[in-house]
Amino acid sequence: MSKKNTQKESVSTPAKVYNFCSKKKLILGVVIAVLLVFIGAAIIRGIHLAIEFKGGTLITYTYQGDINTNEVADAVKDIVGSTVTVRTGESLDSGGKQVTISFTSDQGLTADRQTELTSALREKFASNDLVIYDSNDVNPSSGREFLLKCFIAVLFAAFIVIIYIAIRFRNIGGWSAGVCSIFALCLDIFVAFTTTIVCGFSIDSNIVAVILTILGYSINNTIVIYDRIRENRNLMPKASLNELINVSCTQSLTRSIRTSITTIGTMLVITIVVLATGYKSLLSFSVPLMMGLISGTFSSLFVAPVTWSWWKNKSDAKKKSSK
């Protein structure tokens, strides 16, 4: 039996083991850097809530020929005084061309201001024959309720993950490993949120989809690392926790990189296609998700296991000193 165990250990241990546990300063530096970037972006660019969360107005016009959405946005912004989003499309009923203008506002667009806006646009884009098709004021209460429910769902999922990891990995760390995995997840979500602010995207329903996607990706990666640590605990019973983490993360490094290249590469292709086709509304999904996935790879290999190692070593040292 001992001979078999020795063979397994020699096979499972890589020739070169990277010292992941020595990267505590790197992790701290990354966290501080992301925090500083977020603060700087929030001050310089500001945090913009989308129309579904802040409330505002949606106006759709039919038009002829070609129209420059940037010029439309500038013309509307001069009148309403807030951030304007302009999208073009086709009517499902008639197949005619439509341009949809949306902007946030605390109060709805009055009939007089709507008339003023329509007159100004018809004058500036006289060759496009703009005709108002639909106009709606958006109540922010439903969007805020949706955002609150998503936040509660994420908290509930985090709680379940901690319980799951505490039970499944009770032999190597239990609930402390679960808490550290959630800390790593928070960093990934924060990176995605910071990317949204830096790029000047509005906080809309896309960021909710990004958070939920990152949650599944990051937790799955972290659990794979923890599972490898648990296996190596049986193969290397005399190894310290730091040694187990270094070996396990080294073993998982190639898999993590390959998986990340596949998923991040997919988001990169989508981003390039979106930029090439001009359908920029998808950028607020693909770019933050791409950065969140990069952070997820880093956090599953470094943040979760290394912070967990720091926690356990501190706890063990405290217990020894109290005896």
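Note: the structure precedes this text.
Summarised in this report is the structure supplied together with it. (Residues numbered from 1 in each chain as written. Predicted model: local features only at pLDDT ≥ 70, side-chain atom pairs only at ≥ 80, totals over all residues. Heavy atoms only, no water.)

To continue, consider the overall build of the protein chain. When you go through the protein chain residue by residue, the secondary structure sums to 10 helices and four strands. Its helices and strands taken in sequence order, the protein chain reads α-α-α-β-α-β-β-α-β-α-α-α-α-α from the N to the C terminus. Each principal axis of the C-alpha atoms in the protein chain carries an extent, and together these give about 85 × 40 × 35 Å. Residue burial in the protein chain is summarised as follows: out of 323 residues, 42% are buried. Taking the contacts inside the protein chain whose residues are at least 6 apart along the sequence as the reference set, 77% of them involve residues at least 24 apart. Surface summary for the protein chain: the accessible area is close to 17,900 Å², and the carbon and sulfur share equals 60%. Charge separation in the protein chain, taken as the distance between the mean sites of 32 positive and 22 negative side-chain charges, equals 25 Å. (Helix = DSSP H or I, 4+ residues; strand = E, 2+ residues; numbered from the N terminus. Buried < 20%, exposed > 50% of the residue type's maximum accessible area, 1.4 Å probe, protein only. Contact = heavy atoms within 4.5 Å. Areas by Shrake-Rupley, 256 points an atom, 1.4 Å probe, with all protein chains shown as cover. Lys, Arg positive; Asp, Glu negative; His and termini not counted. Charge placed at Lys NZ, Arg CZ, Asp CG, Glu CD.)

In a packed pair of helices, the relevant descriptors are the angle between the two axes and the axis-to-axis distance. Orientation of helix H4 (residues 69-80) relative to helix H5 (residues 111-124), taken along the N-to-C sense of each, is 145°, at an axis distance of 10 Å. The handedness of the crossing between H4 and H5 comes out as right-handed. In this structure, H4 uses Glu71, Val72, Ala75, Val76, Ile79 and Val80 to contact H5, whose residues at the interface are Arg113, Glu116, Leu117, Ala120, Leu121 and Lys124. Of the residues in the contact of H4 with H5, the class split is eight nonpolar, no polar and four charged. (Axes fitted to C-alpha atoms, helices over the stretch in contact; angles between N-to-C directions. Left-handed = near helix turned anticlockwise from the far one by under 90°. Nonpolar A, V, L, I, M, F, W, Y, C, P; charged D, E, K, R; others polar.)

A volume near 1,200 Å³ is recorded for the largest pocket. In terms of lining residues, the largest pocket is bounded by 37 residues, among which Val84, Thr85, Val86, Arg87 and Ser202 are the most central. For the lining of the largest pocket, the secondary-structure elements that each account for two or more residues are helix H3 (51-54), H4, strand S2 (84-90), strand S3 (97-104), helix H8 (205-235) and helix H10 (283-322). It is S2 that provides the largest number of residues to the lining of the largest pocket, a total of five residues. Split by residue class, the lining of the largest pocket holds 13 nonpolar, 17 polar and seven charged. Each pocket or cavity is described by its volume, and for the second largest pocket that value is around 420 Å³. Lining the second largest pocket are 16 residues, and of these Cys150, Phe151, Val154, Ile189 and Ile211 lie nearest its centre. Only helix H6 (140-168), helix H7 (175-198) and H8 provide two or more residues apiece to the lining of the second largest pocket. (1 Å grid on protein atoms, 1.4 Å probe; cavity = no way out; pocket = protein on both sides within 12 Å on 5 of 7 lines; lining within 4 Å. Points joined across faces, edges and corners; volume = space filled by probe spheres on them.)

On the surface, a cluster of nonpolar side chains totalling about 730 Å² of accessible area is made up of Leu28, Ile32, Leu35, Leu36, Ile39, Ile43 and Ile44. Within the secondary structure, Leu28 is located in helix H2 (residues 24-44). Since its relative accessible area comes to 52%, Leu28 is described here as exposed. (Patch = residues over 30% accessible without salt bridge, like charges linked within 9 Å, V, L, I, M, F, W, Y side chains within 5 Å. Salt bridge = Lys/Arg side-chain N within 4 Å of Asp/Glu carboxyl O.)

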